[in-house]
Amino acid sequence: MGRRHARRTKQNDQSNYHEQNGHGAQSETAAQAAEEKDLRPMDIPETVWAVYQQTFLEFDEKEQRRIVKGCEKQIGQLERRIARKKSQENHQVLADMKELHKKAAAIGYTVAVRETRLLKKYKHALRMLARLDITFLHRMAAGANPEDIMHMPKAAQLLRSRSLYEIYKEEYMQYLVGQRIEELMEAEPEKQYPEARGMTRHFILHIGPTNSGKTHQALQRLKQAYHGIYLGPLRLLALEVYDRMTAAGIPCSMITGEEVIRTPGSFVQASTVEIMDIREIYDIAVIDEAQMMADENRGSFWTRAILGIRAEEIHVCCSGTAEQLLVKMIKRCGDTYETVYHERNTRLEFIPKRFDMSKDVELGDALIAFSKKNVLAIAATLEGRGIKASVIYGNLPPQTRREQVRLFTEGINQVVVATDAIGMGINLPIRRVVFMNTSKFDGTDKRRLEAEEIRQIAGRAGRYGYYDVGYVQSALDVEYIGKKLEEPLQPLTKARTGFPEVLLDIDMELDEIIEAWEGTKNLAFYDKISMTESVKKYRYLKNYRRKLSYMEDRKFVLSLITCPFDVKDREVLRLWLWYCEKPTEDHNCPMLPQDFTLEGLESYYKQLDLYTQFSGRMNWEIDREEVAVNREWAQSVIGEMLEDDKGQFEKKCRGCGVVLPWDYDFPICQDCYHSGVKDDRVRRSMHRYPHDRNRR
């Protein structure tokens, strides 16, 4: 005890001696200098420190944040939490980094707007945080450079809620991929087709509404081709062109994704637009319904055809909405063009009176609903009253649809009930189009019809050669339909472009590449197609990764996930996954279905379509005769079902079996609901929407 006291006394005496001789002032100055040196971030790059100060000490005036209470104490706690991280495992550090950054931002705001006296102390804590960030980044990603990350847009904003490593992993790599994508992609989509750019191409634009004869005139020219091609949106339209050419004595082949008819010595090919061979050279080409180049899912195929088809003379048929955009695209290609305007051959009149299906149905009517169930229920209701009806909807096999068209055209069926599939190039002798609904489900939400959709469907009324006037009427929202028919055309501003295969060389998962591509900026006049469904298919395949040896071959995988089929049909999806397990091995034709309902038969037909698509992509050896026989059988049974037994499609109460109105919202009737039928799920839904129940 005495010795320790003696040592302290000696130290105090020495201290007093230095102070008396001026050495105390020098020591204090040195201490301050050391402290200042300790606060200067000598081990943190200048650019990084500048961003940290901007992030945690500079706030927008409009930004409203809460003031931290006990700010000085909070800074001390922050320092201690950061210091403890030095001895923790990686996962422990990572688990707390977001919270540390959020706390630092909250304290920094308080210091900046209220507690400026604590700026020096806070900067010390901020330096500790920056050092921890850099150390942890190097520990987790040795090649990462914090200065590069700081050059990324929004880096300062991101730092307020996550660490450098988290930004690097979650945002920076995506940012680099986006930059790489922009480097790899051509600045102008036109340059992706150098062979077409080396030609002198002449476009004839056929601009006009539905029923104006624009496609007919283009096909008249196609009949004179030595090697021509028709490209349309539907297999049914390709079949119609094939029939017209064959009937005119012109050898024609038909090639779609699902069917192939090769005619020896053919002059013309009729195809869906997806089938176009970019390497083939034609003298005359016809591209139909070109306004679909703006379609979110398929538009890129029209864009590809317009920019890349190698033909001297190209006829493009479209509505007036596409004219301005088409002209811009053609000029950027350096090609020439002329425009032919087409007027409707018959007058179109809107009837401003609500349509009543119980008494207003007439010969030549087309009743338009927007779901298969409603189409079948309306047709069943009509046939229950002795009015024979053809039905047309998207899932119908082409031959079945063709037969339904024939029955209506020849007058065997008095009316046609259809979805909006009728609006795309199907020529029917329709006198009046009646909208039974004015809204539709577009795959995401239920929404009201747009003006262009209404015009496209309404334009089917008044077929030239059958009627001098076409009429349009509505069963609901009469004023809305009339107003939309009168709206001026809204010109298209963007065409869709597809996913460029040049990006497949990037070292990332394919779904990540696609999503990074979707996140890059769009080019002038162009937007990207939606690849959401392809990404879903890729993630289905991820579950099979251990079985699938080809997953690193991205081009091959891309061909699998872009194969079009109905993902919502579980049987078709199951078959696709089965084919993907062994894609290069031959497979047998799908067996006949056990489900003989309409849905089961339509699903089987879609399975046959998938089988023929896959066989074409993978070069399987298949029995085409067996496929044709099974296809014909399925179409025949579906056709008979639609023609002879529509009563089965009436909406009936699940409780008592009474027939319900075609647009009834629930599966049980009012009497069953009030009598307490044992269907709790239905009762809950009806109770939730009493306004719908009362409406009935």
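Above this note sits the structure.
Each value, and the rule that gives it
Residues numbered from 1 in each chain as written. Predicted model: local features only at pLDDT ≥ 70, side-chain atom pairs only at ≥ 80, totals over all residues. Heavy atoms only, no water. Helix = DSSP H or I, 4+ residues; strand = E, 2+ residues; numbered from the N terminus. Buried < 20%, exposed > 50% of the residue type's maximum accessible area, 1.4 Å probe, protein only. Contact = heavy atoms within 4.5 Å. Areas by Shrake-Rupley, 256 points an atom, 1.4 Å probe, with all protein chains shown as cover. Pairing = 2+ DSSP bridges. Axes fitted to C-alpha atoms, helices over the stretch in contact; angles between N-to-C directions. Parallel < 35°, antiparallel > 145°, perpendicular 65-115°, else oblique. Nonpolar A, V, L, I, M, F, W, Y, C, P; charged D, E, K, R; others polar. Right-handed = clockwise from strand over helix to strand, strands pointing away. Salt bridge = Lys/Arg side-chain N within 4 Å of Asp/Glu carboxyl O. Expected span 1.5 Å × (residues − 1). Polar contact = N/O pair within 3.5 Å; in protein donor to acceptor, adjacent residues only side chain to side chain. Phe/Tyr/Trp six-rings, centres within 6.5 Å; stacked < 30°, edge-to-face > 60°. Lys NZ or Arg CZ within 6 Å of the ring centre and 35° of its normal. Core = buried A, V, L, I, M, F, W, Y, C linked by side-chain atoms within 4.5 Å. 1 Å grid on protein atoms, 1.4 Å probe; cavity = no way out; pocket = protein on both sides within 12 Å on 5 of 7 lines; lining within 4 Å. Points joined across faces, edges and corners; volume = space filled by probe spheres on them.

A. Quick peek at the overall build of the chain. Of the regular secondary structure elements, the chain holds 27 helices and 18 strands. For the chain, the proportion of its 696 residues judged to be buried stands at 49%. Considering only contacts within the chain whose residues lie at least 6 apart along the sequence, 73% involve residues at least 24 apart. Only carbon and sulfur atoms are counted for the fraction: they give 48% of the accessible area of the chain, which is about 35,800 Å².

B. Just the sheet that holds strand S5 (residues 268-272), in detail. Strand order across the open sheet formed by eight strands is S4-S3-S5-S2-S6-S7-S1-S8, with mixed pairing between neighbours. Bordering the open sheet on either side are strand S4 (260-261) and strand S8 (336-341), each of which pairs with just one other strand. In the sheet, strand S1 (residues 202-207) pairs with strand S7 (residues 310-318) via six bridges, with the strands oriented parallel. Paired with leucine 205 across the strands is valine 316, a residue of S7. Along the sheet, helix H11 (residues 214-222) makes contact with S1, strand S2 (228-232), S5, strand S6 (281-287), S7 and S8, crossing S7 at roughly 160°. Helix H13 (residues 299-308) contacts S1, S2, S6 and S7 of the sheet and is inclined by roughly 140° relative to S6.

C. Seen up close, the packing of helix H17 (residues 451-458) against helix H18 (residues 478-486). At a closest axis distance of 9 Å, the pairing of H17 and H18 adopts a crossing angle of 90°. Between H17 and H18, the interaxial angle falls into the category roughly perpendicular. Each of Ala451, Ile454, Arg455 and Ala458 in H17 lies in contact with H18, whose residues at this interface are Tyr480, Ile481, Lys484 and Leu485. Looking at side-chain class alone, the contact of H17 with H18 contains six nonpolar, no polar and two charged residues.

D. Structural detail: the pairing of strand S12 (residues 415-418). The side-chain alternation of S12 yields two buried faces, one formed by Val415 and Val417 and the other by Val416 and Ala418. Pairing of strand S10 (residues 365-368) with S12, which is carried by three bridges, proceeds in the parallel orientation. The residue of S12 that forms the bridge with isoleucine 368 is alanine 418. Taken together, the four bridges between strand S11 (residues 389-392) and S12 define a ladder with parallel strand orientation. Each residue of the ladder has a partner; that of isoleucine 392, found in S12, is alanine 418. On the question of chirality, the crossover connecting S11 to the parallel S12 by way of helix H16 (residues 398-409) is right-handed.

E. Spatial organisation of the pattern of salt bridges. Throughout the structure, instances matching the rule amount to 36 salt bridges. For lysine 440, the salt bridge goes to glutamate 453, with nearest N and O atoms at 3.7 Å. A residue pair is termed long-range when its members are at least 10 positions apart, and lysine 440 in strand S14 (residues 439-441) and glutamate 453 in helix H17 qualify at 13 residues. Lysine 555 serves as the salt-bridge partner of glutamate 501, at 3.6 Å between the closest nitrogen and oxygen. Of this pair, glutamate 501 sits in the loop between strand S17 (495-497) and helix H19 (510-518) while lysine 555 sits in helix H21 (residues 554-561), placing them 54 residues apart in sequence. Judged by its relative accessible area of 53%, lysine 555 falls in the exposed class. Connected through shared salt-bridge partners, Asp420, Lys440, Arg447 and Glu453 make up one network.

F. Geometry of helix H24 (residues 624-644). In a regular helix each residue adds 1.5 Å, so 21 residues correspond to 30 Å; H24 covers 30 Å between its end C-alpha atoms and thus fits that length. Residues of H24 that are buried: Val627, Asn630, Arg631, Ala634, Gln635, Ile638, Gly639, Met641, Leu642 and Glu643. In this structure, the buried side of H24 is in contact with helix H12 (235-247), helix H15 (372-384), S11, H16 and helix H23 (598-618). Structurally, the start of H24 carries an N-cap: the backbone nitrogen of glutamate 625 is 3.2 Å from a side-chain oxygen of aspartate 623.

G. Examining the packing of aromatic side chains more closely. Going through the model one piece at a time under the given rule, you end up with 14 aromatic pairs. A ring pair is formed by tyrosine 579 and tryptophan 620, whose centres lie 5.1 Å apart and whose planes are at 80°; its orientation type is edge-to-face. Here the residue tyrosine 579 occupies a position in helix H22 (residues 570-581), and tryptophan 620 occupies one in the loop between H23 and H24, the gap between them amounting to 41 residues. Positioned above the aromatic ring of tyrosine 480 is the side chain of arginine 448, whose terminal nitrogen or guanidinium carbon lies 3.7 Å from the ring centre.

H. Main features of the side chain of glutamine 607. Counting through the fold element by element, glutamine 607 comes out in helix H23. Contacts of glutamine 607, omitting those with residues within four sequence positions, involve Glu571, Val572, Leu575 and Pro590.

I. Seen up close, the nonpolar core. Counting residues in hydrophobic clusters, the biggest one holds 48 residues, and the most contacted among them are Phe499, Leu541, Ile561, Trp576, Leu610 and Phe614. At the level of secondary structure, the elements contributing two or more residues to this core comprise helix H9 (164-184), H19, helix H20 (532-542), H21, H22, H23 and H24. Setting aside residues up to four positions removed in sequence, leucine 541 forms contacts with Leu548, Met551, Val557, Leu560, Ile561, Trp576, Leu577 and Cys580. By size, the runner-up hydrophobic cluster in this structure holds 44 residues, among which are Trp49, Leu118, Ile167 and Tyr168.

J. Local environment of the sheet that holds strand S13 (residues 432-435). An order of S9-S16-S13-S10-S12-S11 is seen for the six strands of this open sheet, with the pairing classed as parallel. Only two strands of the sheet have a single partner each, and these edge strands are strand S9 (347-354) and S11. With strand direction ignored, the average angle separating the axes of adjacent strands in the sheet is 20°. Contacting S10, S11 and S12, H15 crosses the sheet at an angle of about 175° to S11.

K. Geometry of the layout of surface pockets. Computed from the structure, the second largest pocket encloses a volume of approximately 1,000 Å³. Looking at the second largest pocket, it is lined by 42 residues, and the ones nearest its centre are Pro209, Thr210, Asn211, Ser212 and Lys214. Mapped onto the lining of the second largest pocket, the elements with two or more residues apiece are H11, H12, S9, H17 and H18. Tallied by class, the residues present in the lining of the second largest pocket amount to 13 nonpolar, 16 polar and 13 charged.

L. Geometry of the environment of threonine 339. Within the secondary structure layout, threonine 339 lies in strand S8. Between the C-alpha atoms of threonine 339 and histidine 206, which are 133 residues apart in sequence, the distance is 6.3 Å. Filtering out sequence-adjacent residues up to four positions away, threonine 339 remains in contact with Leu205, Ile207 and Glu323.

M. Geometry of the side chain of aspartate 569. Along the chain, aspartate 569 turns up in the loop between H21 and H22. At 3.0 Å, the side chain of aspartate 569 forms a polar contact with the side chain of serine 603. Here lysine 606 takes part through its side chain, which lies 3.4 Å from a polar atom of the side chain of aspartate 569. Residues in contact with aspartate 569, not counting those within four places in the same chain, are Ser603 and Lys606.

N. A look at unusual backbone geometry. In this structure, glutamate 289 is a non-glycine residue whose phi angle is positive, near 55°. Tracing the chain through its elements places glutamate 289 in the loop between S6 and H13. A residue is classified by how much of its surface remains accessible, and glutamate 289, at 8% relative accessible area, is buried. Within the chain, phenylalanine 525 stands out as a residue other than glycine whose phi angle is a positive 70°. Inspection of the secondary structure puts phenylalanine 525 in the loop between H19 and strand S18 (526-528).

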